[in-house]
Amino acid sequence: MDLLKLLGLKKQSSKDVAKERLKLVLIHDRSNVSPQFLEMVKSEIIKVIQNYMEIDEDSLDIQLTKTNSEDGERVVPALVANIPIKGMKNAGR
């Protein structure tokens, strides 16, 4: 779900396109929010993190899934992010 790939700025195989579309459909089904909303959230997360560190956007993986609540009585949505960090930026050091 790389933003550059979605905008068509990187060449993708049809397999990769189908995989990304399936991911969006599954996320939408799990969360009851639109794929566009999830892309906006992902974009905002990337912008904030990039203020402090260099990340590998190609390997970035953000998913919306479901998990048990702290009391164990409900199922609640959870945002899971795997964000590979290339390096830290010099923020006021």
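Computed from a predicted structure; not experimentally measured.

1. A short note on the overall build of the protein chain
Moving on, step 1. Of the regular secondary structure elements, the protein chain holds 3 helices and 4 strands.
Moving on, step 2. Its helices and strands in sequence order give the protein chain the pattern α-α-α-β-β-β-β, from N to C terminus.
Moving on, step 3. Taken over 93 residues, the protein chain has a buried fraction of 23%.
Moving on, step 4. Long-range contacts, defined as pairs at least 24 residues apart, comprise 45% of the intrachain contacts of the protein chain with a sequence gap of at least 6.

2. A closer look at the pattern of salt bridges
Moving on, step 1. Enumeration according to the criterion identifies 1 salt bridge in this entry.
Moving on, step 2. Its salt-bridge partner being Lys47, residue Glu44 comes within 3.3 Å of it at the nearest N-O pair. Of the two residues, Glu44 and Lys47 are both situated in helix H3 (residues 35-50); the distance of 3 residues between them amounts to about one turn of the helix.
Moving on, step 3. Residue class for Lys47 comes out partly exposed when judged on its relative accessible area of 46%.

3. A word on the pairing of strand E2 (residues 61-68)
Moving on, step 1. Across 8 bridges, the pairing between E2 and strand E3 (residues 75-82) is antiparallel. Note that in E3 the partner of Thr67 across the bridge is Val76.
Moving on, step 2. The hairpin formed by E2 and E3 contains 6 residues between the paired strands, and Gly72 there has a positive phi angle of roughly 75 degrees.

So, how was this worked out
- Residues numbered from 1 in each chain as written.
- Predicted model: local features only at pLDDT ≥ 70, side-chain atom pairs only at ≥ 80, totals over all residues.
- Heavy atoms only, no water.
- Helix = DSSP H or I, 4+ residues; strand = E, 2+ residues; numbered from the N terminus.
- Buried < 20%, exposed > 50% of the residue type's maximum accessible area, 1.4 Å probe, protein only.
- Contact = heavy atoms within 4.5 Å.
- Salt bridge = Lys/Arg side-chain N within 4 Å of Asp/Glu carboxyl O.
- Pairing = 2+ DSSP bridges.

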